[in-house]
Amino acid sequence: MSWRFKCINCGSNYEISEIIYRCRKCNDLLEVEFDFAEMTEKIWKNEWKRRPISVWKYKELFPVSDESKIITLKEGGTNLYECGNLAEKLKLRVLHVKNEGENPTGSFKDRGMTVGVTKAFEFGIKTVICASTGNTSASLAAYAAKAKLQCIVLIPSGKIAQGKLAQAMVYGARVVQVRGNFDQALKTVLTLSERHKEAYLLNSINPFRVEGQKSLAYEICEQLNEPPDTVIVPVGNAGNISAIWKGFTEFYKLGLIDKLPRMIGVQAEGSAPIAQAVKNGKGTIVPINEPETVATAIRIGFPVSWKKAIKAIMESGGKAETVTDTEILEAQKLLARSEGLFVEPASASSIAGLRKLLEAGKMDRDEVVVCVTTGHGLKDPDSAVRISEKPSEVDAEIGSVERLLGFS
Ligand code: F0G
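Here's a quick rundown of the structure.

Thresholds, definitions, all that
- Residues numbered from 1 in each chain as written.
- Predicted model: local features only at pLDDT ≥ 70, side-chain atom pairs only at ≥ 80, totals over all residues.
- Heavy atoms only, no water.
- Helix = DSSP H or I, 4+ residues; strand = E, 2+ residues; numbered from the N terminus.
- Rg over C-alpha atoms; globule rule 2.2 N^0.38 Å.
- Buried < 20%, exposed > 50% of the residue type's maximum accessible area, 1.4 Å probe, protein only.
- Contact = heavy atoms within 4.5 Å.
- Areas by Shrake-Rupley, 256 points an atom, 1.4 Å probe, with all protein chains shown as cover.
- Lys, Arg positive; Asp, Glu negative; His and termini not counted.
- Charge placed at Lys NZ, Arg CZ, Asp CG, Glu CD.
- Near = heavy atom within 4 Å.
- Polar contact = N/O pair within 3.5 Å; in protein donor to acceptor, adjacent residues only side chain to side chain.
- Nonpolar A, V, L, I, M, F, W, Y, C, P; charged D, E, K, R; others polar.
- Core = buried A, V, L, I, M, F, W, Y, C linked by side-chain atoms within 4.5 Å.
- Patch = residues over 30% accessible without salt bridge, like charges linked within 9 Å, V, L, I, M, F, W, Y side chains within 5 Å.
- Salt bridge = Lys/Arg side-chain N within 4 Å of Asp/Glu carboxyl O.
- Pairing = 2+ DSSP bridges.

1. Focus on the overall build of the protein
- Looking only at helices and strands, the protein has 15 helices and 13 strands in total.
- Scaling as 2.2 N^0.38, a compact globule of 408 residues should have a C-alpha radius of gyration of about 22 Å, and the protein matches this with 21 Å.
- Dimensions along the principal axes, computed over C-alpha positions, put the protein at roughly 75 × 45 × 45 Å.
- Looking at the protein as a whole, 58% of its 408 residues are labelled buried.
- Taking the contacts inside the protein whose residues are at least 6 apart along the sequence as the reference set, 71% of them involve residues at least 24 apart.
- On the protein, roughly 17300 Å² of surface is accessible, and the fraction owed to carbon and sulfur atoms is 50%.
- Side chains of the protein carry 54 positive and 50 negative charges; the gap between the two charge centres is 5 Å.

Dropping the structure here:
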């Protein structure tokens with residue numbers, strides 16, 4: 001199987017055995033490519049049927065040379081829930097939620113890290129590094145522990161949710177709090193990893209991360225037996241929407257599906273450079289210097305994969321939407337209370353975006369929609385407690401409890 005990195009701008013090719021994050025000629029993003037002619041639909045289709053759903057079910061479609069070196073925590077295979085209660089409330093025919101909080105560290109990042117850390121291990125790397133709004137650091141720390149690698153994570157000081165910080169710390173990462181935002185932390189680790197090759201960068205600028213994350217699209221196709229009409233994804237640094245679109249297009253080119261869904265990207269209003277560009281019909285973003293949102297996971301002003309994300313949205317005939325913090329938090333409660341699914345605020349932005357588009361008449365109510373919820377609700381317990389009704393307190397005595405609850 002011939003694999004290569006290809007620059008998304010100038011088309012330059014590089015060997016995948018090279019440690020490289022950006023095109024040496026034009027500095028743009030790279031992506032992994034393989035030869036479709038070499039992958040025959042028949043072989044994979046038959047073989048796949050026998051394997052349980054998971055990221056590594058599709059191992060032939062990842063650029064991993066030695067199966068015995070795979071670093072896995074059994075990621076992927078997350079449930080696709082048919083959300084009848086919520087669909088009824090939103091007056092939508094069919095709504096599914098792909099709940100990525102069910103991954104080993106509670107977010108979709110694990111799909112990317114299993115491939116990325118496997119490559120680090122294959123390369124004989126000793127130290128892995130990332131910048132993060134929280135989930136990437138939690139995930140990288142866990143996979144590094146499993147692979148016996150040192151892990152360094154840079155996080156915006158005081159700005160990440162407690163659950164994620166707890167994870168990175170307990171998995172044993174070296175946690176560095178940067179006085180600045182995510183965009184500044186990312187710029188720093190990128191320079192650091194280019195200067196010091198021994199520190200292997202595992203943000204989504206690393207094309208192997210995107211490779212793992214494309215499995216989300218494969219799974220949706222299998223779980224529904226065909227692609228949905230529309231897939232709605234929360235967007236931050238924009239790796240995930242790009243990865244999911246790559247997954248759908250690969251299944252399409254392999255003849256495994258015969259249509260492609262529309263991709264809708266949702267950003268928080270205070271951190272929405274991609275959504276603004278798409279809405280204004282622009283092919284390029286205007287970065288935001290001081291991004292702000294309650295959905296700290298997607299508090300990003302200069303998304304590294306903006307070009308890939310805009311391409312995914314445009315090529316698929318999709319769109320982009322912005323949602324306010326209030327809309328995000330309402331959607332978080334609505335999903336929890338209609339379907340029993342507790343997701344973190346950034347994840348709920350897909351639901352908030354869907355609701356907004358439906359209310360504005362910008363979506364057809366007959367569509368089959370999949371909303372991706374990207375991270376578990378317990379990642380950010382403080383926010384959940386803040387937005388919910390406060391518990392009542394009462395003496396540990398039957399009469400008081402009866403009175404409080406209105407039992408006579
Ligand atoms: N949802 C959650 C829960 C996230 O943690 C992230 C990104 C996104 C959505 C957006 O995904 O960046 O691929 O567009 N979190 C990163 C992190 C930035 O550091 O954990 P994206």
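2. Structural notes on the site of the ligand
- Of all residues adjacent to the ligand, which total 20 residues, the nearest are Ser132, Asn135, Asn237, Ala238 and Thr374.
- Thr133 places a main-chain nitrogen or oxygen 2.8 Å from an oxygen atom of the ligand.
- Here the ligand has 470 Å² of accessible area as a free molecule, and 99% of this is covered by the chains.
- Put simply, the parts of the chain that give the shell around the ligand at least two residues each are helix H4 (135-147) and helix H9 (239-253).
- Its residues assigned to classes, the shell around the ligand comprises seven nonpolar, 11 polar and two charged.

3. Here's the deal with the nonpolar core
- The biggest cluster of nonpolar side chains holds 89 residues, and the ones touching the most others in it are Val128, Phe248, Phe251 and Ile274.
- Broken down by element, this core gets its largest block of residues, six residues, from H4.
- Beyond its immediate stretch of four places on either side in the chain, Phe251 contacts Trp48, Tyr58, Leu61, Tyr218, Cys221, Leu256 and Ile257.
- Among the nonpolar cores identified, the runner-up in size contains 31 residues, and Ala87, Val323, Ala331 and Leu354 belong to it.

4. What about a nonpolar patch on the surface?
- Side chains of Val394, Leu404, Leu405 and Phe407 sit close together on the surface and give an oily, nonpolar patch of about 400 Å² of accessible area.
- Inspection of the secondary structure assignment puts Val394 in the loop between helix H14 (381-387) and helix H15 (398-405).
- A relative accessible area of 36% means that Val394 is categorised as partly exposed.

5. Considerations on the side chain of Ser107
- The topology assignment puts Ser107 in the loop between strand E5 (94-99) and helix H3 (109-123).
- You can call Ser107 buried: its relative accessible area is 0%.
- Leaving out residues up to four positions away in the same chain, Ser107 has contacts with Glu100, Gly101, Asn135, Thr374, Gly375 and Lys379.

6. A short note on the environment of Leu149
- Considering the arrangement of structural elements, one finds Leu149 in the loop between H4 and strand E7 (150-156).
- Taking the relative accessible area as the measure of exposure, Leu149 reaches 11% and is therefore buried.
- Along the chain, Leu149 and Glu226 lie 77 residues apart, while their C-alpha atoms are 39 Å from each other.
- Leave out the neighbours within four places in its chain, and Leu149 touches Val117, Ala120, Ile125, Lys126, Val128 and Ala144.

7. So, the sheet that holds strand E2 (residues 13-14)
- In space, the three strands of this open sheet follow the order E2-E1-E3, with antiparallel pairing throughout. With one partner strand each, in any of the chains shown, E2 and strand E3 (30-34) form the two edges of the open sheet.
- Of the strand pairs in this sheet, strand E1 (residues 3-7) and E2 are connected by two bridges, and their pairing is antiparallel. From the neighbouring strand, Lys6 faces E2, where its bridge partner is Asn13.

8. Some points on the environment of Ile205
- Looking at where Ile205 falls in the secondary structure, it is placed in the loop between strand E9 (199-201) and helix H7 (207-213).
- By relative accessible area, which is 5% here, Ile205 ends up buried.
- Each C-alpha atom of the pair Ile205 and Arg22 lies 7.8 Å from the other, and the pair is 183 residues apart in sequence.
- Beyond its immediate sequence surroundings of up to four residues, Ile205 is in contact with Tyr21, Arg22, Leu29, Leu190 and Val304.

9. A word on the pattern of salt bridges
- The final tally for this structure, using the stated rule, is 29 salt bridges.
- Lys6 is the salt-bridge partner of Glu33, the closest N and O atoms lying 3.8 Å from each other. Of this pair, Glu33 sits in strand E3 while Lys6 is found in strand E1, placing the two residues 27 residues apart along the sequence.
- Across the pair Glu211 and Lys246 runs a salt bridge, and its minimum N-O distance is 2.6 Å. With Glu211 in helix H7 and Lys246 in helix H9, this pair connects stretches of sequence that are 35 residues apart. Take Glu211 and Lys246: they sit in the same class, and that class is buried.

Keep in mind that these numbers describe shape and distance, not what the molecule does.
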